[in-house]
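Summary of structural features
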Amino acid sequence: MDKTSFEMKPAIDGPMHVSRKHDSAHKHVTGTAEYIDDIPEPFGTLHGGLGLADRAHAKILSIDLDAVRAAPGVVWVMTADDIPGANDVASTGKHDEPLLATDLVQFHGQPIFAVFAESRDLARRAAKLAKIQYSDLPHWTDIDGARENGAPFVTEPMTLRRGEPETEIEKPPLRIQASMNIGGQEHFYLESHIAFAIPGEDEDVTVWSSTQHPSEVQHMVAHVLGVSNHAVEVKTRRMGGGFGGKETQSNQFAALAAVAAKKLKRAVKFRPDRDEDMVVTGKRHDFRVDYDVAFDEKGKIHAVDATYAARCGYSADLSGPVTDRALFHADSSYFYPHVRLTSQPLKTHTVSNTAFRGFGGPQGLLGGERIIEEIAYAVGKDPLEIRKLNFYGQRGSGRTVTPYHQDIHDNVIARIVDELVASSDYKKRRKAILKFNETSPVIRKGIALTPVKFGISFTLTAYNQAGALVHVYSDGSIHLNHGGTEMGQGLYTKVAQVVADCFQVDIDRVKITATTTGKVPNTSATAASSGSDLNGMAAYDACRQIKERLIEFAARQWQVNRDRIEFLPNRVKIGNEIVPFDTFIKAAYFDRVQLSAAGFYKTPKIHWDRAAGRGHPFYYFAYGAAVSEVSIDTLTGEYIVERTDILHDVGKSLNPALDIGQIEGAFVQGMGWLTTEELWWDARGRLRTHAPSTYKIPLASDRPKIFNVKLAEWSENAEPTIGRSKAVGEPPFMLAISVLEAISMAVASVADYAVCPRLDAPATPERVLMAVERLKAL
């Protein structure tokens, strides 16, 4: 993005396609943004604490909670027997995720009971006093353990198949069979999970929840209370981060708070501390990729057969669609003439893993990039050459059909890569790095360019819908509500820009209001990078309806043809007369024009047959590429990211400043997943990396020293999305694969690039050092 793009002076303040600050940015930096824990508590508010299992897999023989009940400040201790409705918060309908364990514990840290006391500290202290007897059962916490013990699948696996991989894989002259371990990731949102419930009359309860999916929280709370959905209202103004971790995991805290609030007829707040939050909530899935690839001497792929096994945890949660999406992206940006991809969603005795930015896509795509890397070292070429050789082609090339039989018709990856190669001076820098590594005994460098092709849409077709509510008040001010949630990504600002642009008014006229199930019902999660696509179009539909009525009113009142009515900046031109917007709206009100509308949008074209492994699951694809340069210390395994250049496709950007912020943040978060963030369970099944002291997210000092991010300004979505924009939340996360591959190149230099280092992720300094030592010994 060049500087002039940020300094545009449009006729109205805040239309689409113009950079504008996040609506709450000033509140974030001054501490005035109101989160749930900032809401003034009514007199008598109680606080919840969790009683957690200290076994990974065991039968519960007895529970003695007398000391808990007698502890200072304790008002009530809740067990599964106290749940008025269903003891179930499973988002998939499999009923495999109890709110509170009864006779069986399936992961270390599983909630068994909840304590409600006069303060949070008293509740947490009391929860430690329980006496529970167990009978231990065999347990396993990783993929190898699950396979060795014949673990069941938590949900039905899937296979994608095209061509004849079983026979064709035998034909090419070269073939590689290997495996890659890909680690999980903790969401580490700055605001932990929290729910605040206030009981109402009859069956009613209002819940403030830090959630990406207010409608699902509404359904789950109603399910646990044994009441209809209409009795539960869920509100979410903003979250202090979500990243997928608040798509399903908010259910348990909201349900516990709501049950206690209705039982005790008092306001109840439930907020775990960071350690508890990390122990009891799901994470990004670990994967093991076993791949078999056949190719020719030039490095052109002929056939791929790969299995993606995932550590899913004790219940299904979202493991089905996560492992499905991993397969959808296992091709990365490459055409496989013959292919078979299979998922293995394995049960483990760990907390159930869940959605995380990319939703399985990053793991799938990383496996595809490892295949390219393997081929490059096998044929002695720059991995970029192998990438370009295997890219999907343009329409009519015969190389446009994915393993799930969707035809790619919007492919711009070759153009993005070529432009980035030129703007980053990739070829010259790679040549210089090869020369540097010839003479440097300790410090070695690496550089890598990796692409991203990411499908946009929920793979469950029903989720691709959204609603919005727009009111235009008689003074010309506008009230906006929609089903999307704000977690810092700027969704509210973008949708407000859509509304301001539609009416051609300054964005300050548009009041952004908290997401609530009482205004827009049956909403989908703010996930799958679809927030702006869905909610922006729903808001546009509501504005369109109101504008249509206003145009009809003006044509009748001023006796002019409809084509002589034009919405100008903060005013309306009717024939030869110019009317201020607020004056025009007041006149419409007095003429009894309806100035409110409920908008709706559903994504067209998409369909998916999971059993057949065929369909059109994605409305379109977002593309991008990154070049990263690193330096490693071969004596310690430590490394520095020297420079990263990114060129990313967001279509016609709704807000370039917000989109660049999303790209930068996604890249650094992806870099953390692949380098510093490591989840570790001990032999007893205890998560030992459950706090900032042991779990290392990237710091500001870890970001690339030189960080250049540009948007592909020439891009415009081929599909009629809102403003012809493209999703930006998840796709840039995978650009960080360039860092892992650059580290891999630096490691490979110690063996003169003769073999693929096969670095597992995360590539911590310890893993890098071990790889260096292994290659030195060759």
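Residues numbered from 1 in each chain as written. Predicted model: local features only at pLDDT ≥ 70, side-chain atom pairs only at ≥ 80, totals over all residues. Heavy atoms only, no water.

1. Remarks on the sheet that holds strand E22 (residues 571-574)
Selection rule: Pairing between two strands requires that DSSP report at least two bridges joining them. Only DSSP runs of H or I covering at least 4 residues are called helices, and only runs of E covering at least 2 are called strands; the numbering of each starts at the N terminus. The convention used is that axes are lines fitted to C-alpha atoms, helices contributing only their stretch in contact, and that angles between N-to-C directions extend from 0 to 180 degrees. Two residues form a contact once any of their heavy atoms are found within 4.5 Å.
The strand order across the open sheet formed by three strands is E21-E22-E23, and the pairing between neighbours is antiparallel. Since the sheet does not close on itself, it has two edges, and those belong to strand E21 (565-568) and strand E23 (577-580), each with one partner. Ignoring which end each strand starts from, the neighbouring axes of this sheet average 20 degrees apart. With four bridges connecting them, E22 and E23 associate as antiparallel partners. Within E23, the position partnered with isoleucine 574 by the bridge is glutamate 577. Contacting E21, E22 and E23, helix H16 (residues 531-558) runs over the sheet at an angle of about 125 degrees to E21. Of the strands in this sheet, E21, E22 and E23 are in contact with helix H17 (residues 581-590), which crosses E23 at around 85 degrees.

2. Observations concerning the environment of aspartate 541
Keep this limit in mind: Any residue under 20% of the maximum accessible area for its type is buried, any over 50% is exposed, and the rest in between are partly exposed; the area is computed with a 1.4 Å probe on protein chains only. We call two N or O atoms a polar contact when they sit within 3.5 Å, provided that within protein one can donate a hydrogen and the other can accept it, with sequence-adjacent residues counted only if both atoms are side-chain atoms.
Following the sequence through the fold, aspartate 541 ends up in helix H16. Judged by relative accessible area, aspartate 541 falls into the buried class, the value being 15%. Beyond its immediate sequence surroundings of up to four residues, aspartate 541 is in contact with Ala598, Gly599 and Phe600. Within the local environment of aspartate 541, its side chain forms a polar contact with the backbone nitrogen of phenylalanine 600, the two atoms lying 3.0 Å apart.

3. As for the packing of helix H15 (residues 491-503) against H16
We apply this condition: The scheme is simple: roughly parallel for angles under 35 degrees, roughly antiparallel for over 145, roughly perpendicular for 65 to 115, oblique for anything else. Here is the rule for handedness: rotate from the far helix to the near one, and if that takes an anticlockwise turn smaller than a right angle the crossing is left-handed, while a clockwise turn gives right-handed.
Look at H15 against H16: their axes get within 9 Å of each other, and the N-to-C directions meet at 25 degrees. Classified by the interaxial angle, the pair formed by H15 and H16 is roughly parallel. Crossing of H15 over H16 shows right-handed handedness. Contact residues: Leu491, Lys494, Val495, Val498, Val499, Cys502 and Phe503 in H15; Gly531, Ser532, Asn535, Gly536, Ala539, Tyr540, Cys543, Arg544, Ile546, Lys547 and Leu550 in H16.

4. Some thoughts on the side chain of threonine 485
In this fold, threonine 485 is placed in the loop between strand E18 (478-482) and H15. Residue contacts for threonine 485: discarding those within four places in its chain leaves Thr211, Gln212, Pro214, Thr236, Met239, Leu491, Tyr492, Thr515 and Thr526.

5. Comments concerning the pattern of salt bridges
The test is simple: Here, a salt bridge means any Lys or Arg side-chain nitrogen found within 4 Å of an Asp or Glu carboxyl oxygen.
Here the structure, examined in full by the defined rule, presents 48 salt bridges. Close ionic contact of arginine 161 with glutamate 166 constitutes a salt bridge, the shortest N to O distance being 2.8 Å. The partly exposed category is assigned to arginine 161, whose relative accessible area is 35%. Judged by relative accessible area, glutamate 166 falls into the partly exposed class, the value being 36%. Arginine 430 is the salt-bridge partner of aspartate 382, the closest N and O atoms lying 3.4 Å from each other. Remark: arginine 430 occurs in helix H14 (residues 426-439) and aspartate 382 occurs in the loop between helix H11 (361-379) and helix H12 (383-390); sequence separation between them is 48 residues. In this structure, aspartate 382 and arginine 430 share a single accessibility class: buried.

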